[in-house]
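One-letter residues, chain by chain:
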Amino acid sequence: MAQVPIQRHVLANGLRVILSRDPRAPLVAVNLWYDVGSKHEKAGKTGFAHLFEHMMFQGSANVEKGQHFSLVQAAGGTLNASTWLDRTNYFETLPGHELELALWLEADRMASLLPAMTQEKLDNQRDVVKNERRFSVDNQPYGDWDERIQALVYPKGHPYHHSTIGSMEDLSAASLADVSDFFATWYAPNNAVLTVAGDFETDVALAMIERHFGPIPANPSLPGAPDMTVDEHIGGDIRVTVPDQVPLPRIYLAHRAPPFGSDAFEAFEVASDILGSGRASRLYGSLVREQRLAQDAAAFVFPIVGGASMFVFWVTARPGVDLVKLEAALLAELERLATEPPSDADLERVRNLHASHFSGGLERISERADRLSMYTCLFDEPERINSEVSRYVGVDAEGVSDALGSFIHADNRVTLTYVPAEAAT
Amino acid sequence: MIARPVAGAPRPYTFPDFVSHRLPNGLGVWLVPLPERELVSVHLLTDAGAATEDEAQAGVASLTAQLLVTGTHRLDAAAFAETTERLGIVVSSESSWDSARAGFVALGQHLDAGLELLADMVRGPRLDASEFERLRAERLNDILQGRAEPGRLADESFLREVYADDVPYGRLSAGRPETVEPLTIEQVRAFHASRYAPNVADIIIAGAIEPDVALRTVEQHLGEWTGSGPGHRSIQASARGGRRVVIVDRPGSVQSELRVGHVGIDRGDPRYFSAMVMSALLGGVFGSRLNMRLREELGYTYGARCSFDPRRAAGPFIASAAVETDVTAKAVRELLGQLDRIRDAPPTETELAEVRDYLVGVFPLRFETTAGIAAAIEPLAVYDLPDEWWHAYRSNLEAVAVSDVHAVARELIHPDEALILIVGDASKVRDELAAADLGAVEVISAD
């Protein structure tokens, strides 16, 4: 596996800069992670970190509304941003000779967003975000599963208890003063990581970065991370049934798991692949192909860093299948992996799938840049990109079973079941 | 503050060189060597898509394609999955209207082993009756699930309502429940035996390869493949026609999914480049007219867009958005207003330049991955486009002028003939839509 080259710099204002040169294609990726996500939101302000992300495209001192998109696209680039529990990222990929345009745009909004803010823009983006919520959550079958799971897995008041999209009520309450406060608090160079990957000359890129980002002042009173402390296990077997406009029932199982970045986390990645990745996976083989109880099956672990992560499964029932039987069959597969360590063949399969998938992901410089920003922002260790594969391979058979045995049990479980609304009455 | 920077000099980029061969059995072989890559992408295309199936068996092409990954004569479903995945390979197989595609991405050293399995799967699939029953049931369930999702329900309903009654394009390429349910394993076996053949197939390999070695590997695994397939039939893509408003009732919806459009163009249309630029300007990029108006000015939606879907015959042109229920009629008016506007006057030079520069400039970014490059060769194989297609692509885009955009909009955008389809809560939107005088309003049930 080829190593991803990494050069690390820190500007005087605290901005961490990662450069990863790769001149194979005449393209460059610019990626910024701000260490702020929905876990930093205060009570009554759910959804604000994401609404704020939208405001970052509404112009800044030297950029008109809409111009951020139009300038990058006219340069032949693509761009977007996203907000999640732990962080917010902003990214552009464009022809290498347009690198400075992306740096200038990112620096302009980091330095001077507020002069461009108006009530009209906030009202407009509030409507857009409410429609995003309707589109992705409220008007979709099973659309609120993650919101419900988070609220059940984490106790009230925990920063992961609420969803990133937030509530309609809190979105309605967001004000321009909130925009100013949030910007002044979190959008500072000492709370961000800037990664540039692809086709550039190192000295030239560094000079550009210093020129555009160097003058932006740090926030000397950056707040610490919120208290994420939470018990290792949920301490119960919580069951919730939701009647919804769904044609087929679906069962979600969620457990607290060790946080992303801990040594124990790796075993859950391997376990989730043995159980849920590919047509030779345990869940697909048993529940979908052989027993024919499920239409589909999935297993995944959330890469989130605070207190506890979540290990989640879902299975969609075939019509007429007894849900008790389906749930028992799912639990039986989890139990089997917890009590019998996986075989060498199991491990060979998931390790080789992981290696291909890892190489496939890193074909895109945007993906490389995003992972470098992630490892720097979350762990201050960009080099983790080059040990991803060896850390995965380092998990042995007993490690997988031990991990399941310690966390996948009835004292650490949420079972959320969607059933067709008409069948529930 | 520092002024907006001026771009440096662009580094030239050309689409990777490739070679093509034809084996004696008729199989087309396209090889794209990409130095310094770890991966190789393999796409095997056969003219065995939905356009080759009998309408009474609509969905047989899709089920056949799906069934290929459930084993070969040598390996049953579990063993086939285990064998491929232990090489780090997840084999895919699916079909569209114009082709069936089987393929994989793998580390370069697994090309030979992967090709052997792929060739076995396409030439001698197991086509097991029990696995067929399972996949057919899953397909029927998936159609049910799709109809519960407002976006997928809108897409499927739009096709049914926009094409004339007997046009195949009026359904999903994967078929309708009424035709999928009675399908048999014998029909799948017969479909495979008659449609999968080297004379109507092409294999594309892009990535970490030596072309000579790759060609010998293909000859070894697919050179002995025999048979002759009929290929596709021709489809007459006639429209039902007439301006209509159709509400697909989905009680309790908090948004309305809008689909506004009509029959569009086929893949061979000489106006292809003008149409692509026009469509991007109208609704193909973030800064397009539809998105700027409906999202960034009015806040009606998370996003508004439009596109053509050119196939061997004319696929649909659709403008779409999911809008808050309360503004449904207003949003339809706004959407129609943008269709009128692009017909009424040519765009400005600045507007055109922005979109054209995007399409031209984003060219290398589309080909960052081996899979992206293999996919780029597909239309050359499927639609017999000239080998120079991608070399001429950017200059063809650059040649599009404002007058071309205006002309093609007048020829291809027809708001007066548009089907206006809404998936939403009829009790909340019907009266307002009727009062808006957009055309005769029909309400139909989602089932």
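Residues numbered from 1 in each chain as written. Chains lettered and ligands numbered in written order. Predicted model: local features only at pLDDT ≥ 70, side-chain atom pairs only at ≥ 80, totals over all residues.

S.K.: I'm lost on the overall build of chain A in this one. Help?
M.R.: The number of helices and strands found in chain A is 16 helices and 11 strands. By the compact-globule yardstick of 22 Å for 425 residues, chain A fits well, its C-alpha radius of gyration being 23 Å. With the C-alpha coordinates aligned to their principal axes, the bounding extent of chain A is approximately 60 × 50 × 40 Å. Classification of the 425 residues of chain A by burial places 54% in the buried group. A fraction of 81% describes how many contacts in chain A between residues 6 or more apart in sequence connect residues 24 or more apart. (Helix = DSSP H or I, 4+ residues; strand = E, 2+ residues; numbered from the N terminus. Rg over C-alpha atoms; globule rule 2.2 N^0.38 Å. Buried ≥ 20, exposed ≤ 12 C-beta atoms within 10 Å, placed from the backbone. Contact = placed C-beta atoms within 7 Å.)

S.K.: Please explain the overall build of chain B as it appears in this structure.
M.R.: The number of helices and strands found in chain B is 16 helices and 12 strands. Expected size for 447 residues packed as a compact globule is a radius of gyration near 22 Å; at 24 Å, chain B falls within 12% of this value. Seen along its three principal axes, the alpha-carbon backbone of chain B occupies a region of about 65 × 60 × 40 Å. The burial tally for chain B puts 53% of its 447 residues in the buried class. Taking contacts inside chain B between residues at least 6 apart in sequence as the whole, the part at least 24 apart equals 81%.

S.K.: Looking at this structure, I do not really get the interface of chain A and chain B. What am I missing?
M.R.: Accessible area lost during the coming together of the parts is what is often quoted as the interface size. Contacts between the two partners involve 61 residues from chain A and, on the opposite side, 62 residues from chain B. At the level of secondary structure, the elements contributing two or more residues to the side of chain A that touches chain B comprise helix 2 (67-74), strand 5 (88-95), helix 3 (99-112), helix 4 (119-138), helix 8 (202-213), helix 10 (282-290) and helix 12 (344-362) of chain A. In terms of residue count, the dominant contributor to the side of chain A that touches chain B is helix 12 of chain A (9 residues). Taken together, the residues that form the side of chain A that touches chain B break down as 22 nonpolar, 22 polar and 17 charged. (Nonpolar A, V, L, I, M, F, W, Y, C, P; charged D, E, K, R; others polar.)

S.K.: Is there a simple way to think about the pairing of strand 2 (residues 16-21) of chain A in this case?
M.R.: Sheet faces and side chains relate simply in a regular strand, where the side chains alternate between the two faces. Residues and elements named next belong to chain A. Counting buried positions along strand 2 gives 5 out of 6 residues, so the element sits mostly inside the fold. Relative to strand 2, strand 1 (residues 7-10) runs antiparallel, the two being bridged by 4 bridges. Residue pairing for strand 2: Gln7 is matched across the bridge by Leu19. The antiparallel pairing of strand 1 with strand 2 creates a hairpin that spans 5 residues between the two strands, and Gly14 there sits at a positive phi of about 95 degrees. Of the pairings in the sheet, the one linking strand 2 to strand 6 (residues 192-198) comprises 6 bridges and is parallel in character. (Pairing = 2+ DSSP bridges.)

S.K.: Teacher, can you tell me more about the confidence of the model for chain B here?
M.R.: Caution applies to low-pLDDT regions: their predicted coordinates should not be interpreted in detail. Across chain B, the average pLDDT comes to 96, with 100% of residues at or above 70. This prediction of the complex comes with two scores: 0.96 for pTM and 0.95 for ipTM. (pLDDT = per-residue confidence, 0-100.)

S.K.: Please explain the nonpolar core as it appears in this structure.
M.R.: One broad trend across soluble globular proteins is that nonpolar side chains are buried collectively. Among the nonpolar cores identified, the biggest contains 198 residues, and Ala271(A), Val315(A), Val277(B) and Leu335(B) are the most heavily contacted of them. No other element matches the 9 residues that helix 3 of chain A contributes to this core. Discounting residues that sit within four places of it in the chain, Leu335(B) has contacts with Leu258(B), Val260(B), Leu290(B), Leu294(B), Ala319(B) and Ala321(B). Phe15(B), Phe18(B), Leu63(B) and Trp390(B) belong to the second largest nonpolar core, which has 70 residues in total. (Core = buried A, V, L, I, M, F, W, Y, C linked by C-beta atoms within 7 Å.)

S.K.: For this particular structure, what's the right way to read the environment of His21(B)?
M.R.: Residue and element names in this part refer to chain B. Among the secondary structure elements, His21 is positioned in strand 1 (residues 19-22). Overall, the presence of 14 C-beta atoms within 10 Å leaves His21 in the partly exposed class. Residues His21 and Leu215, 194 residues apart in the sequence, show an inter-C-alpha distance of 8.7 Å. When residues no more than four places from it in sequence are discounted, the contact partners of His21 are Val29 and Leu215.

S.K.: Just to check I follow, could you spell out the sheet that holds strand 7 (residues 244-249) of chain B for this structure?
M.R.: In any sheet, the strands associate via hydrogen bonds between backbone groups, in a parallel or an antiparallel arrangement. If you walk across this open sheet you meet the 6 strands as 9-10-8-11-7-12 (chain B), and the pairing is mixed. One side of each edge strand has no neighbouring strand; the edge strands of this open sheet are strand 9 (301-308) and strand 12 (440-445) of chain B. Geometrically, the sheet is characterised by an average inter-axis angle of 15 degrees between neighbouring strands, direction not taken into account. Two strands pair when backbone bridges link them, and strand 7 of chain B and strand 12 of chain B are joined in this way by 6 bridges, in the parallel orientation. Within strand 12 of chain B, the residue paired with Val246(B) across the bridge is Glu442(B). Here helix 4 of chain A sits on the sheet and contacts strand 8 (255-263), strand 9 and strand 10 (316-324) of chain B; the angle it forms with strand 9 of chain B, its principal contact strand, is near 70 degrees. Across the sheet, helix 10 (residues 289-297) of chain B is in contact with strand 9 and strand 10 of chain B; its angle to strand 9 of chain B comes to roughly 160 degrees. (Axes fitted to C-alpha atoms, helices over the stretch in contact; angles between N-to-C directions.)

S.K.: How should I be thinking about the packing of helix 12 (residues 349-361) of chain B against helix 14 (residues 389-398) of chain B in this particular structure?
M.R.: Relative orientation and spacing of two packed helices are given, respectively, by the angle between their axes and the distance between those axes. Residues and elements named next belong to chain B. Following both chains from N to C, one finds helix 12 and helix 14 inclined at 175 degrees, their axes separated by 9 Å at the closest point. Our classification of the angle between helix 12 and helix 14 gives roughly antiparallel. In contact with Arg356, Leu359 and Val360 of helix 12, helix 14 contributes Arg394, Leu397 and Glu398. Partitioning the contact of helix 12 with helix 14 into residue classes produces 3 nonpolar, no polar and 3 charged. (Parallel < 35°, antiparallel > 145°, perpendicular 65-115°, else oblique.)

S.K.: Can you walk me through the sheet that holds strand 5 (residues 100-107) of chain B in this structure?
M.R.: Across the sheet, which stays open at both edges, the 6 strands sit in the order 1-2-6-3-5-4 (chain B) with mixed pairing between neighbours. The sheet is open, and its two borders are formed by strand 1 and strand 4 (92-95) of chain B, each paired with just one other strand. Within this sheet the neighbouring strands show an average axis-to-axis angle of 15 degrees, counted without direction. Pairing geometry for strand 2 (residues 28-33) of chain B and strand 6 (residues 201-207) of chain B, over 6 bridges, is parallel. Across the sheet, Val32(B) pairs through a bridge with Ala206(B), a residue of strand 6 of chain B. Against the sheet, helix 12 of chain A makes contact with strand 3 (39-46) and strand 5 of chain B, and its axis sits at roughly 95 degrees relative to strand 5 of chain B, the strand it touches most. Strand contacts of helix 3 (residues 111-123) of chain B: strand 3 and strand 5 of chain B, with the helix running at about 160 degrees to strand 5 of chain B, the strand carrying the most contacts.

S.K.: I keep staring at helix 1 (residues 60-67) of chain B and nothing clicks. Help me out?
M.R.: Every α-helical turn comprises 3.6 residues, leaving residues that sit three or four positions apart pointing alike. A large share of helix 1 of chain B lies buried, amounting to 8 of its 8 residues. Of the residues making up helix 1 of chain B, those classed as buried are Val60(B), Ala61(B), Ser62(B), Leu63(B), Thr64(B), Ala65(B), Gln66(B) and Leu67(B).

S.K.: Just to check I follow, could you spell out unusual backbone geometry for this structure?
M.R.: For residues other than glycine, phi is negative in most cases, and the peptide bonds are mostly trans. Non-glycine residue Arg292(A) carries a positive phi angle of around 55 degrees. Among the structural elements, Arg292(A) can be located in the loop between helix 10 and strand 9 (294-301). Positive phi, normally seen in glycine, also occurs at Asp384(B), with a value near 55 degrees. Structurally, Asp384(B) is set in the loop between helix 13 (370-382) and helix 14. Residue classification places Asp384(B) among the exposed positions, given that 9 C-beta atoms sit within 10 Å.

S.K.: Please explain the pairing of strand 5 of chain A as it appears in this structure.
M.R.: Residues and elements named next belong to chain A. Most of strand 5 is tucked away, with 8 of its 8 residues classed as buried. Where strand 3 (residues 27-34) lies against strand 5, 8 bridges are found, and the strand directions are antiparallel. Bridge assignment links Val28 to a residue of strand 5, and that residue is Leu94. Joining the antiparallel neighbours strand 4 (residues 78-83) and strand 5 is a turn of 4 residues.

S.K.: Mind showing me how you'd approach the environment of Leu359(B) here?
M.R.: Residues and elements named next belong to chain B. Structurally, Leu359 is set in helix 12. Here Leu359 falls in the buried class, since 23 other C-beta atoms lie within 10 Å of it. Taking the C-alpha atoms as reference, Leu359 lies 12 Å from Ala399; in sequence the two are 40 residues apart. Not counting residues within four places of it along the chain, the set of residues in contact with Leu359 comprises Val277, Ala280 and Leu397.

S.K.: I tried to follow helix 8 (residues 211-222) of chain B on my own but got confused; where do I start?
M.R.: Residues and elements named next belong to chain B. The terminal C-alpha atoms of helix 8 lie 16 Å apart, and with 12 residues this matches the ideal 16 Å at 1.5 Å per residue to within 8%. Buried within helix 8 we find Ala214, Val218, His221 and Leu222. All buried residues of helix 8 lie within an arc of 80 degrees about the axis, which places them on one face of the element. The secondary structure elements touched by the buried residues of helix 8 are strand 2, helix 3 and strand 6. (Expected span 1.5 Å × (residues − 1). Arc of directions from axis to C-beta.)

S.K.: What's the story with the environment of Val408(B) in this structure? I'm lost.
M.R.: On the secondary structure map, Val408(B) appears in helix 15 (residues 402-412). Residues Val408(B) and Arg271(B) lie 137 residues apart in sequence; the distance between their C-alpha atoms is 7.2 Å.

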